[in-house]
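Now for the letters of each chain:
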Amino acid sequence: MKLTQGKINELLSESACEHNHKKDGKGKNKSCTQVAQPGAAQGGCAFDGAMIALVPITDAAHLVHGPIACAGNSWGSRGSLSSGPMLYKMGFTTDLTENEIIFGGEKKLYKAILEIKERYNPAAIFVYSTCVTALIGDDLNAVCQKAAEKTGVPVVPVNSPGFIGSKNLGNRVGGEALLEYVVGTREPELTTPYDINLIGEYNIAGELWNVLPLFQKIGIRVLGQITGDGRYQDIACAHRAKLNVMICSKALINMARKMEESYGIPYIEESFYGVEDMNRCLRNIAAKIGDSVLQGRVEQLIASEMEKLNEALLPYRKRLKGKRVVLYTGGVKSWSIISAAKDLGIEVCATSTKKSTEEDKARIKELLGKDGIMLEKGNAQELLRVIAQTKADMLIAGGRNQYTALKARIPFLDINQERHHPYAGYEGLVELARELDEALHSPVWQQIRKPAPWEIELPSVED
Amino acid sequence: MATITTPRKSVAVNPLKQSQPLGAALAFLGLKGVMPLFHGSQGCTAFAKVMLVRHFREAIPLSTTAMTEVSTILGGEDNVEQAILTLVEKSKPSMIGLCTTGLTETRGDDMTGILQTIRKRHPELHDLPIVFASTPDFKGALQDGFAATVTSIMKELPRAGETRCNQITLLIGSAFAPGDVQEIKEIVAAFGLHAIAVPDLSLSLDGHLDGDYNTVTTGGTTLAELREIGSSVYTLALGESMRAAAETLEAQFGIPYEVFTSLSNLDAVDSFLEGLADLSGLPVPDKYRHQRSQLQDAMLDTHFFFGRKQVSLALEPDLLWSTVHFLQSMGAEIRAAVTTTKSPLLEQLPVETITIGDLEDFEQLAIGSDLLIGNSHLAAIARRLHLPLYRLGFPIFDRLGNGQRCTVGYRGVMQLLFDLGNLFLEQEEAQTRH
Ligand code: SF4
């Protein structure tokens, strides 16, 4: 994929993206085009986003073409887990030095690809361009093509220099690379009427493994895992699925839409968080591709899971009831987590809507009730202010806000990329309850809020 | 003595080194009220921030000029200007620490010129120091970026003044953790000397709970202290990489200096204390005489476990130097030494070869060792080779307490002996039980 300005604009104005519906597909996705503000910008770059979307393909080598910063500060630290190959956890980079910056890095890149093939024999090699290699004008596509011919291994160029935009845009660049170079390049050995793809689920902390057994029980086969715990060849066959299920994120919506266009695969948007969403997800899949038999199986499964779940949650519901939390996370996940919190009897008194679409916002409003606060912007100070104002008991947010909360002596739960606990599916809800209970009721809170005995002012003798 | 090799290959696999801007950020973070600012695209800052947060488990102030494709081509002046103005308005820093990245170095932004223009246009910034360090990603490693930054701080902030006979400057390299800095300061203070430590991570990244939320560092070397460095009577440079910064002070103010390349073995601590005694004219305090005897005793108890052990290290040059000497002082042998960047120390290291390379090289060289030493990325290698790992360096994200870790002074060395000794001991027990 050659990344021209036209291509970038197309990705930015992705028409199936909710952000743009209101404007007949002409407007640009707000969270994608928002130009980072000098001195204020916080987020990751497009390269980061592309890696988030593609690195979970576990049997591929991911080669970063650039100086050390991009790979050196990020390799091996992604939270997606693998049930098999560990190649994706290795950091490959051309580690460009001054000489190559001056004379061009194409030769080194070509040799690097050959060396990786020789030493690691990957299922495929994804090659990411970065700011510096884009600036010096290395022709990624040409090198990848030549190297693919030479090695016989698929070599996929991902034109993702950080400076083209945000993480969100990078996700799409990643999706685009899959569409152009991977999906449809292979035929599956067998197909069933119950084949689906999961899109945008990255198996962070092993969340996928809470859900796959459920699909298995009702006879649904996941053909392409895009990309959590994914295998290159499976994704290459993904065009034979009967349904695309987009998970909790509009990040790869371009994939779903284009696969509908090119292969006639319909898509639905679902979430694995909370009882209601999980139930709805299973029912919707059954309604889309199944018959009454499958639907019957789904109802049976839901009934038995609910029974188990209610029993498992009983002790936690008692301890969590009436607790108040402030939620700060990106996009669709907001409503999804709110509904999970509600399942546990927790009240969400404020949530972020920064990356949410109008549709999301309406839904969030409904879930929050009339006193709920919707946070448009959210820096650390703002968050602390809202927590104080709403007398919330804890903050649920991404890792970057962890120390904002802890330093203010407020309990915290991490729900983003770096988290270590899987919260998806029915089992995930129990895990979430356990973690919330632990965070809220830890004996440390009382101690760290307590002033030293010599700091307590004694009432003066006269009173 | 050592031969330095750099494997000829086109791909770095599992890189050991981190980029210079990360080192710059770390050095700036040891100043009080500072906001480090990367001149580059936003992703570099985000990655660096995540790394630092994961290692120190602290909120880390770090900002970006948020260069885009277009602003890169046009030049970064507007972005630098806007970033500085926004930071001044929002965070009210007492200093800004500006450094470049690979992107803006490739473009070749004239930073001195840019800063001059901005200062001319904004007289209100007159009292705000903006320290600048050039730190391209495509050269050197974290240690170089850290050192370049300390040199810049020393060039730009100290002012000449009347010499104070008990004031010394400590320049503390990237090999030292906040806990080390704290111990060093305590030792120096015990000699009645007033030390200005730069950068002072022991007040900013040590991990402590204080009052309000802040967007800049709440502790570290203050601007007032930095200004007064011109009045110091002596500079102690800790880590070879601090030599250039010490030379700067000598050139500007005629302050003599001495470099201590290690504070992590008996001899090294001895000569450090001897130096302090000379400087202060005071005898070594009883406390340290006692600690010295404790260390010697610990060496006796632990030497059984160190003798002839094969150890492989993947560390930045300064830390490699001090750790190799520590190990050899206990009778252990160096199986493999991999490092990130050039240093005049490397050739003098009493080992056969040193590889400037990555962890792929390391994994091959380390086969047959008894122990690995390096950052958290070595954990996977340790698992594959079934070897114990002692975590040292940066980043360490699978161990707690990195802000407090101390491996210097008699006490720190003793702790190091016990920690490594216990690893060896555990290994021996496991083997005999079979
Ligand atoms: S912003 Fe550019 S140089 Fe920085 S990490 Fe992202 S791709 Fe690499």
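About the thresholds
Residues numbered from 1 in each chain as written. Chains lettered and ligands numbered in written order. Predicted model: local features only at pLDDT ≥ 70, side-chain atom pairs only at ≥ 80, totals over all residues. Heavy atoms only, no water. Buried < 20%, exposed > 50% of the residue type's maximum accessible area, 1.4 Å probe, protein only. Helix = DSSP H or I, 4+ residues; strand = E, 2+ residues; numbered from the N terminus. Contact = heavy atoms within 4.5 Å. Near = heavy atom within 4 Å. 1 Å grid on protein atoms, 1.4 Å probe; cavity = no way out; pocket = protein on both sides within 12 Å on 5 of 7 lines; lining within 4 Å. Sits in = over half its atoms within 2 Å of the grid points. Core = buried A, V, L, I, M, F, W, Y, C linked by side-chain atoms within 4.5 Å. Domains from an automatic or database assignment. Buried area = accessible area lost by both parts, 1.4 Å probe. Salt bridge = Lys/Arg side-chain N within 4 Å of Asp/Glu carboxyl O. Polar contact = N/O pair within 3.5 Å; in protein donor to acceptor, adjacent residues only side chain to side chain. Pairing = 2+ DSSP bridges. Axes fitted to C-alpha atoms, helices over the stretch in contact; angles between N-to-C directions. Phe/Tyr/Trp six-rings, centres within 6.5 Å; stacked < 30°, edge-to-face > 60°. Points joined across faces, edges and corners; volume = space filled by probe spheres on them. Nonpolar A, V, L, I, M, F, W, Y, C, P; charged D, E, K, R; others polar. Patch = residues over 30% accessible without salt bridge, like charges linked within 9 Å, V, L, I, M, F, W, Y side chains within 5 Å. Areas by Shrake-Rupley, 256 points an atom, 1.4 Å probe, with all protein chains shown as cover.

Here's the deal with helix H18 (residues 380-390) of chain A
Residue and element names in this part refer to chain A.
- Those residues of H18 not exposed but buried are Ala380, Glu382, Leu383, Leu384, Val386, Ile387 and Thr390.
- The elements touched by buried residues of H18 are strand E9 (324-328), strand E10 (347-352), strand E11 (373-375), strand E12 (394-397) and helix H19 (402-407).
- Backbone geometry just after H18 places Lys391 at a positive phi near 55°.

Focus on the site of the ligand
- Neighbouring the ligand are the residues Cys45, Phe47, Cys70, Thr130, Cys131 and Gly162 of chain A together with Ser41, Gly43, Cys44 and Phe47 of chain B.
- More than one chain reaches the ligand: the nearby residues come from chains A and B.
- Judged by the proximity of its atoms to the pocket grid, the ligand belongs to the second largest cavity.
- With 3 residues, helix H2 (residues 42-56) of chain B is the largest single contributor of residues to the shell around the ligand.

A word on the nonpolar core
Residue and element names in this part refer to chain B.
- By size, the foremost hydrophobic cluster in this structure holds 61 residues, and its most contacted members are Phe272, Leu276, Leu327 and Ile373.
- Two domains each put at least three residues into this core: domain 2 (167-284) and domain 3 (288-433).
- In contact with Leu276, other than residues within four places in its own chain, are Ile168, Ile187, Val188, Phe191, Leu193 and Leu236.

Overview of the side chain of Ser10 of chain B
- Examined against the element boundaries, Ser10 of chain B turns out to sit in the loop between strand E1 (3-5) and strand E2 (12-13).
- Sequence-distant contacts of Ser10 of chain B, defined by excluding residues within four places in its chain, comprise Thr93, Thr94, Lys108, Lys111, Ala112 and Glu115 of chain A.

Structural notes on the interface of chain B and chain A
- Of the residues lining the interface, 52 residues belong to chain B; the matching set on chain A comes to 61 residues.
- Of the roughly 4800 Å² buried where chain B meets chain A, counting both sides, 62% is carbon and sulfur surface.
- Applying the counting criterion to the chain B and chain A interface returns 4 salt bridges.
- For Lys17 of chain B, the salt bridge identified is with Asp95 of chain A, shortest N-O distance 3.2 Å.
- Taken together, the connections running from chain B to chain A amount to 13 residue pairs in polar contact (both at pLDDT 80 or more).
- Mapped onto the side of chain B that touches chain A, the elements with two or more residues apiece are E2, H2, strand E4 (63-64), helix H3 (69-74), helix H4 (77-91), helix H5 (102-107) and helix H14 (359-365) of chain B.

Describing the sheet that holds strand E3 (residues 124-129) of chain A
- What the 5 strands build is an open sheet, ordered E4(A)-E3(A)-E1(A)-E2(A)-E2(B); its pairing is mixed. Among the strands making up the open sheet, the edge pair consists of strand E4 (155-158) of chain A together with E2 of chain B.
- Of the pairings in the sheet, the one linking strand E1 (residues 60-65) of chain A to strand E2 (residues 92-93) of chain A comprises 2 bridges and is parallel in character. The residue of E2 of chain A that forms the bridge with Val64 of chain A is Thr93 of chain A.
- Relative to the sheet, helix H4 (residues 46-54) of chain A contacts E1, E3 and E4 of chain A, its axis offset from that of E3 of chain A by approximately 165°.
- Here helix H7 (residues 106-120) of chain A sits on the sheet in contact with E1, E2, E3 and E4 of chain A together with E2 of chain B, set at roughly 155° to E1 of chain A.

What to know about the pairing of strand E13 (residues 353-356) of chain B
Residue and element names in this part refer to chain B.
- Summarising the sheet, E1 and E13 pair through 3 bridges and their orientation is parallel. Opposite Thr3, over in E13, you have Thr353 as the bridge partner.
- Of the strand pairs in this sheet, strand E12 (residues 333-339) and E13 are connected by 2 bridges, and their pairing is parallel. Pairing of Val338 across the sheet is with Thr355, part of E13.

Side note on the packing of aromatic side chains
- With the rule as written, the count across this model stands at 8 aromatic pairs over all chains.
- Plain terms: the ring middles of Phe47 of chain A and Phe47 of chain B are 6.0 Å apart, the flat faces sit at 75° to each other, and that makes the pair edge-to-face. Taken together, the residues span two chains, with Phe47 of chain A in helix H4 and Phe47 of chain B in helix H2. Across the pair, exposure class does not vary: Phe47 of chain A and Phe47 of chain B are buried alike.
- Pairing Phe260 of chain B with Phe272 of chain B gives two aromatic rings, centres 5.1 Å apart and planes at 85°, and the pair type is edge-to-face. With Phe260 of chain B in strand E10 (residues 257-260) and Phe272 of chain B in helix H11 (residues 266-280), this residue pair connects regions lying 12 residues apart in the sequence. Assigned by exposure class, Phe260 of chain B and Phe272 of chain B land together as buried.

Regarding the sheet that holds E1 of chain B
Residue and element names in this part refer to chain B.
- In spatial order, the strands read E1-E13-E12-E11-E14-E15; together these 6 strands make up an open sheet with parallel pairing. In the strand order of this sheet, the two ends are held by E1 and strand E15 (389-391), each with one partner. For this sheet, the mean angle separating the axes of adjacent strands, direction not counted, is 20°.
- Relative to the sheet, helix H13 (residues 317-329) contacts strand E11 (310-314), E12, E13 and strand E14 (371-374), its axis offset from that of E12 by approximately 175°.
- In this fold helix H15 (residues 378-385) packs onto E11, E14 and E15, with an angle of close to 170° to the strand it touches most, E14.

Topic: the domain arrangement of chain B
All names here are of chain B.
- The domain architecture assigned to chain B consists of domain 1 (20-139), domain 2 (167-284) and domain 3 (288-433).
- Computed over C-alpha atoms only, the centres of domain 2 and domain 3 are separated by 25 Å.
- On the domain 3 side, the residues contacting the 30 residues of domain 2 number 29 residues.
- When the two sides are added together, the surface that domain 2 and domain 3 hide from each other amounts to roughly 2300 Å², 56% of it contributed by carbon and sulfur.
- Ranking the residues of domain 2 by area buried against domain 3 places Glu183, Ser264 and Leu266 at the top, with a combined share of 25%.
- The tally of links between domain 2 and domain 3 comes to 2 salt bridges.
- A salt bridge links Arg292 to Asp270; the nearest nitrogen and oxygen atoms lie 2.6 Å apart.

A short note on the layout of surface pockets
- Roughly 990 Å³ of internal volume is contained in the second largest pocket.
- Lining of the second largest pocket is provided by 32 residues; of these, Asp95, Thr97, Glu100 and Lys108 of chain A together with Thr6 of chain B occupy positions nearest its centre.
- For the lining of the second largest pocket, the secondary-structure elements that each account for two or more residues are helix H6 (98-103) and H7 of chain A.
- When the residues that make up the lining of the second largest pocket are grouped by side-chain class, the tally is 9 nonpolar, 11 polar and 12 charged.

Focus on empty space enclosed by the protein
- Counted by the stated rule, this structure contains 7 cavities of 30 Å³ or more.
- Together, 30 residues line the largest cavity, and Ser174, Ala175, Leu319, Gly393 and Phe394 of chain B are the ones closest to its centre.
- Where the lining of the largest cavity is concerned, the elements lending two or more residues are H2, helix H7 (142-156) and helix H8 (178-189) of chain B.
- Classifying every residue of the lining of the largest cavity by side-chain character gives 16 nonpolar, 10 polar and 4 charged.
- Looking at the second largest cavity, its volume works out to about 140 Å³.
- What lines the second largest cavity is a set of 15 residues, among which Ala69, Cys70, Thr130 and Cys131 of chain A together with Cys44 of chain B lie closest to the centre.
- Secondary structure elements with two or more residues in the lining of the second largest cavity: helix H5 (68-72) and helix H8 (131-135) of chain A together with H2 and H5 of chain B.
- Broken down by element, the residue count for the lining of the second largest cavity peaks at 3 residues, all from H2 of chain B.
- Class assignment for the residues of the lining of the second largest cavity results in 10 nonpolar, 4 polar and 1 charged.

Describing a nonpolar patch on the surface
- There is a patch of nonpolar side chains on the surface, built from Val444 and Ile448 of chain A together with Leu209 of chain B and spanning about 200 Å² of accessible area.
- Residue Leu209 of chain B is classed as partly exposed on the basis of its relative accessible area of 38%.

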